[in-house]
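Below are the chains, spelled out letter by letter.
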Amino acid sequence: MGTTFAKIELLIVFQKVIFKQSNNNMLTSSEIRQKFLQFFESKQHAIVASAPMVVKNDPTLMFINSGMAPFKDLFLGNQPIKNARIADTQKCLRVSGKHNDLEEVGIDTYHHTLFEMLGNWSFGSNDNNSKGYFKNEAIAWAWELLTEVYQLNKSDLYVTVFEGDQKEQLEFDKESFELWKKYLPEEKILRGNKKDNFWEMGDQGPCGPCTEIHIDLRTATEKQQTPGASMVNSGHPQVIEVWNLVFMQYNRKADGSLVLLPAKHVDTGMGFERLCMALQGKQSNYDTDVFQPIIQQLSLRSGIAYTNGVGQGSGTMTNVAMRVIADHIRAIACAIADGQLPSNNKAGYVIRRILRRAVRYGYTYLNFKSPVLNTLVPILAEQFKQVFPEVKQQQDFIVKVITEEEQAFLRTLETGIKRFEDYKEQLISGAFAFELYDTFGFPIDLTQLMAREQGKEVDMDAFNNCLLQQKERSRAASAVETQDWVILKEAASNFIGYDQLHCSTQLLRYRTVSAKGKKLFQLILEATPFYAESGGQVGDKGTLQFGSDIIQVIDTQKENNLIIHVVEELPLALDVACHAQVDVLRRKRICANHSATHLLHSALKQVLGSHVNQKGSLVNDEHTRFDFSHFTKVTDEECEKIEAMVNDKIWENISLQELRAVPIAEAQAMGATALFGEKYGDLVRVIIFDKAYSIELCGGTHVNATGSIGMFKITSEGAVAAGVRRIVATTGVGALNYYKEKERELDKIYSLLKQPKDAEARLELMLVEQQQLTDKLEAFTIEKVHQIKSQLQAKVRKVKGLNLIAESIDISHPEAIKNLSFELRQQIDNLVLLLGNAVDGKAQLSLMLSDNLVAEKKLNATVIIKELAKDIQGGGGGQPFYATAGGKKPEGISMALNKIETLL
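Because the structure is predicted, anything quoted here is derived from the model rather than measured.

## As for the pattern of salt bridges
- Taken as a whole and assessed by the stated rule, the structure comprises 43 salt bridges.
- We note a salt bridge from K489 to E526, for which the minimum N-O separation is 3.2 Å. One end of the pair, K489, is in the loop between β15 (486–487) and β16 (494–495); the other, E526, is in the loop between β19 (518–525) and β20 (527–528), with 37 residues separating them in the sequence.
- One salt bridge in this structure joins D690 and K649, with 3.8 Å as the shortest N-O distance. With D690 in the loop between β28 (683–689) and β29 (694–697) and K649 in helix α19 (residues 636–651), the pair connects residues that are 41 residues apart, well separated along the chain.
- The class for K649 is buried, based on a relative accessible area of 14%.
- Within the structure, one salt-bridge network assembled from shared partners comprises E168, K194, E200 and R252.

Here it is, written out as structure tokens:
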């Protein structure tokens, strides 16, 4: 593997050299990114790393979908501003919700799932803030960077400014217009409407006018024929927005009204991939060195040249497929590196959907019948190693996860294609097309393509109706109505729950939230001992007492750095002192399980190897559930070692050493374990249980000494996903209850065995006796099957040139019936064999057809058995040559046996 990676790294270096030589030494993508960050560093901006793409502790987002998303707390005023000026390149993913570009990716040359957003920020600009800035500096620096540093042709640039909106009582952005006149003639400063030039974070929250910078990359002839000004925001792939400068001035409230923010902010976003296209003189993002190393690898593996055709015509679909894969592998690899594994729900489902879209394009248009995406990860790891090093650090793990996902989906794809081939109707129903889409991951265009190849059509109206119904169900299930905060007092909210479990405090603000027909209230307190759900640890429960009014806290959550107490009713008096009390016993049990999780993490690394990394956790008052990277089952012996090691550390009664507000670099120097996918600030909290054993960055609550955990017991170990195992364990009272339950089970076994002196020997004897009885029963069944087979052979009837056997039999075991059917098929030509039997008051049917009847007569056992199943009030399925059905009406068996003739 190491040799392979070295070859890939050498290949990328070689490609960079070739790129430089063949493009007149144009800037590489790495150089373009670096120049951006260096420029803003020279303007006194702090350069920060990209936040993880997978969002945690924010119920409104699954993924970072814009450059400003990691800074929501700063815009909302929920977090103190440490740096008034920041610049970064942020990984973004647009595949769900309001911003969803997935279906456009690959079809055109500039949409992407994962993209980098280059951005510079000013937080809290006002007359008294000398470090912050607003429109003047943002516009001046944007022009300086694009035209002087990057040396883009000024004549190719256009800008748009907000024209105003009478309905919203928003004025024309004259200030931006006047500032741009310093750099551009008025005919290149275009007025844009609210849709294009008023940026909003969502239905609620910070927003403001924006000015966009567009570039015209068309040929000189095209420019002469049609002025660039008329092409801005027209959807032309070579006249594109390259940078958006947003001026955050307002806050959108739940009722739709706008109020001024207490301070003004600058939020800019420049699409890195589009910038590379412009600077490298390309007509497509995919022709830049951001994507070409992957595309060339795909071309090499498929033996198909990449020609950059766009659209979905038959001649261009190989190009579309390569673009889809080149884009999607970036999103998949970065998501896994940030801690999101493919799965069947929420964010994991989104990643699985992206992966499957890439696989099916490769399967259909590039003839990739075995895993290919996994081979592209090393190329990405080399490309990203300076900017997103987490991909390189987890390369082996990412490859493993993607490989197993590809293998599983390729099997599903083949099954779906067989289902399609078995479909006999000329018009493919919308319901069936939707089943292929929803269950087997077939895009509708793939189903249409296969249909055209067979001279068939798809009922698209019915398909679209099924799709619409699914979206409406999903929208209704996830709909949440959140009202504005009612602010009672302007003050900061502080968490004191590391040191106190109760306190006197005041209510600062509250709001009403409605979801799934239920109304809840969310409260913010000035000081709170309640821990909000984060880092895998569940939120606290407890009570809030306002005078004599006691309110139950049913959950504590975190949103935009606010600790939210969820209650089902509001107190009668909102402005009185509040006594906040955490459920002490529950918190203690949670602490025990959380501290045990740290001890478990270290034990896993020591017993299984240093490759073990946390991939998810859930800590509550009942157990700890810990997911970790490991490629094989943890054996019983290994589990025993891990369990013993954790219990040894518990019984050593190691005191907790808690360090707060430690600089991140200092914590890393101490050897503290940091988790991939977590967003850490400049200052972190370090939890230590013996410096030689466990040092981790953690914001959760813990015991004061390990002895408080009591004991530790692993209750299960198993696979979660490719390369990820899960251990569930319990501590203290939970562990004691586990052992008590096992004791009760043993007592019951002893009682059933009549209290033998040697229970183990007695059980072994019973197992031997059971096997002897099973062998006798099997021999009896085989003899009975032979007798029935002879009887059935004598009952063959000629029907329409076929040999038909349709009889009831007295065999209850399905496998025996199946074996009997295959034996008769080998001995009788042109056979149609329908057998019925009743077991425990239920009906069973099995249908076997000779291969030649399937191939030549186009008979299908699955289609026939579904019709016969109606007589027994059941359903069935199977393969074209053998299918079975089950139902709840045994008396219908004779009706089915008589009906078979009419179906042939």
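Next comes the rest of the account.
## Details of the pairing of strand β30 (residues 712–721)
- Pairing of β30 with strand β31 (residues 724–731) involves eight bridges; the strand directions are antiparallel. Note on β31: the bridge partner recorded for E717 is I727.
- In this antiparallel pair of consecutive strands, β30 and β31, the connection spans two residues, and G723 shows a positive phi of 75°.

## Side note on the packing of aromatic side chains
- In total, this model carries 27 aromatic pairs according to the counting rule given.
- Ring pairs connect the aromatic residues F36, F39, F40 and W243, which therefore count as one cluster.
- Between the NZ or CZ atom of R323 and the centre of the ring of Y286, over which it lies, the distance is 5.9 Å.

## What to know about the side chain of D627
- With respect to the helices and strands, the residue D627 is situated in strand β26 (residues 624–629).
- Polar contacts involving the side chain of D627 include one to the side chain of R726, which spans 2.6 Å.
- Excluding residues that lie within four positions of it along the chain, D627 makes contacts with N613, Q614, K615, G616, V720, V724, R725 and R726.

## Observations concerning the sheet that holds strand β32 (residues 797–799)
- Sheet architecture is open: six strands sit in the order β32-β33-β34-β35-β37-β36, paired in mixed fashion. Each end of this open sheet is capped by a strand with a single partner; those strands are β32 and β36 (874–878). Looking at each pair of strands side by side, their axes are set apart by 20° on average, direction ignored.
- The sheet contact formed by β32 and strand β33 (residues 802–808) spans three bridges and is antiparallel. Within β33, the residue paired with V799 across the bridge is L802.

## Examining the sheet that holds β28
- Spatial strand order, β27-β28-β29: three strands in an open sheet with antiparallel pairing. The open sheet is flanked by β27 (657–663) and β29, the only strands paired with a single partner. Recorded for the sheet is a direction-independent mean angle of 25° between the axes of neighbouring strands.
- The sheet contact formed by β27 and β28 spans five bridges and is antiparallel. Paired with Q657 across the two strands is I688, which belongs to β28.
- Contacts between helix α18 (residues 584–608) and the sheet are confined to β28 and β29, with β29 contributing the most and set at about 115° to the helix.

## With respect to the nonpolar core
- In this structure, W180, W243 and L373 are the most contacted members of the largest nonpolar core, which totals 124 residues.
- Among the elements that take part in this core, helix α10 (residues 317–337) stands out by supplying 15 residues, more than any other.
- What L373 contacts, discounting residues up to four positions off in sequence, is I325, I329, I332, L355, A358, V359, I402 and E406.
- Membership of the second largest hydrophobic core comes to 27 residues, among which are A592, L599, V612 and V634.

## As for a nonpolar patch on the surface
- A contiguous nonpolar patch, built from L746, I749, Y750, L763 and M766 and spanning about 400 Å² of accessible area, is present on the exposed surface.
- Broken down by secondary-structure element, the contributors of at least two residues to the nonpolar patch are α21 (732–752) and α22 (759–793).
- Mapped onto the elements of the fold, M766 is located in helix α22.
- Classification of M766 as partly exposed rests on a relative accessible area of 34%.

## Brief notes about unusual backbone geometry
- We note that K800 has phi near 55°; this positive angle belongs to a residue other than glycine.
- Residue position: K800 is located in the loop between β32 and β33.
- Take K800: its relative accessible area is 58%, and that puts it in the exposed class.
- You will see that Q873, though not glycine, has its phi angle at about 55°, which is positive.
- Structurally, Q873 can be placed in the loop between α25 (861–868) and β36.
- With relative accessibility at 46%, the residue Q873 sits in the partly exposed group.

## Section: the packing of α10 against helix α14 (residues 395–422)
- At a minimum axis separation of 10 Å, α10 and α14 run at an interaxial angle of 120°. On the basis of the axis angle, α10 is oblique to α14. Both α10 and α14 take part in a crossing whose hand is right-handed. Between α10, through I329, I332, A333, I336 and A337, and α14, the contact on the second element is made entirely by F397, I398, V401 and I402.
- When the residues that make up the contact of α10 with α14 are grouped by side-chain class, the tally is nine nonpolar, no polar and no charged.

## Some points on the environment of G362
- By secondary structure assignment, the location of G362 is in helix α11 (residues 346–365).
- With relative accessibility at 1%, the residue G362 sits in the buried group.
- Sequence separation between G362 and E769 is 407 residues, and the spatial gap between their C-alpha atoms is 55 Å.
- Contact partners of G362, with chain neighbours within four places excluded, come to I325, N367 and F368.

## Some points on the side chain of R352
- Tracing the backbone shows R352 in helix α11.
- Look past the residues within four positions of R352 in its chain and what remains in contact with it is P342, S343, N344 and E405.

## Digging into the confidence of the model for the chain
- Counting all residues, the mean pLDDT for the chain is 89, and 95% of those residues have values of 70 or more.
- Looking at the elements of the chain, mean pLDDT is at its lowest for helix α1 (residues 2–22), recorded as 51, and at its highest for β20, recorded as 98.

## Some words on α21
- In this model α21 runs 31 Å from its N-terminal to its C-terminal C-alpha over 21 residues, within 8% of the 30 Å that 1.5 Å per residue would give.
- Where α21 ends, the next residue or the one after it, K754, has phi of about 65°, a positive value.

## Looking at the environment of S595
- Checked against the element boundaries, S595 lands in helix α18.
- Residue classification places S595 among the buried positions, given a relative accessible area of 0%.
- Remark: the alpha-carbon pair of S595 and G700, spanning 105 residues in sequence, is separated by 9.1 Å.
- Reaching out from S595, the side chain makes a polar contact with the backbone nitrogen of V703 at a distance of 3.1 Å.

## So, the environment of S234
- Assignment of secondary structure puts S234 in the loop between α7 (220–225) and β10 (239–252).
- Among the residues examined, S234 registers a relative accessible area of 42% and is labelled partly exposed.
- Distance from S234 to N653, taken between C-alpha atoms, is 69 Å for residues 419 residues apart in sequence.
- Looking at S234, its side chain comes within polar contact range of the main-chain oxygen of M231, at 2.6 Å.

Thresholds, definitions, all that
- Residues numbered from 1 in each chain as written.
- Predicted model: local features only at pLDDT ≥ 70, side-chain atom pairs only at ≥ 80, totals over all residues.
- Heavy atoms only, no water.
- Salt bridge = Lys/Arg side-chain N within 4 Å of Asp/Glu carboxyl O.
- Helix = DSSP H or I, 4+ residues; strand = E, 2+ residues; numbered from the N terminus.
- Buried < 20%, exposed > 50% of the residue type's maximum accessible area, 1.4 Å probe, protein only.
- Pairing = 2+ DSSP bridges.
- Phe/Tyr/Trp six-rings, centres within 6.5 Å; stacked < 30°, edge-to-face > 60°.
- Lys NZ or Arg CZ within 6 Å of the ring centre and 35° of its normal.
- Polar contact = N/O pair within 3.5 Å; in protein donor to acceptor, adjacent residues only side chain to side chain.
- Contact = heavy atoms within 4.5 Å.
- Axes fitted to C-alpha atoms, helices over the stretch in contact; angles between N-to-C directions.
- Core = buried A, V, L, I, M, F, W, Y, C linked by side-chain atoms within 4.5 Å.
- Patch = residues over 30% accessible without salt bridge, like charges linked within 9 Å, V, L, I, M, F, W, Y side chains within 5 Å.
- Areas by Shrake-Rupley, 256 points an atom, 1.4 Å probe, with all protein chains shown as cover.
- Parallel < 35°, antiparallel > 145°, perpendicular 65-115°, else oblique.
- Left-handed = near helix turned anticlockwise from the far one by under 90°.
- Nonpolar A, V, L, I, M, F, W, Y, C, P; charged D, E, K, R; others polar.
- pLDDT = per-residue confidence, 0-100.
- Expected span 1.5 Å × (residues − 1).

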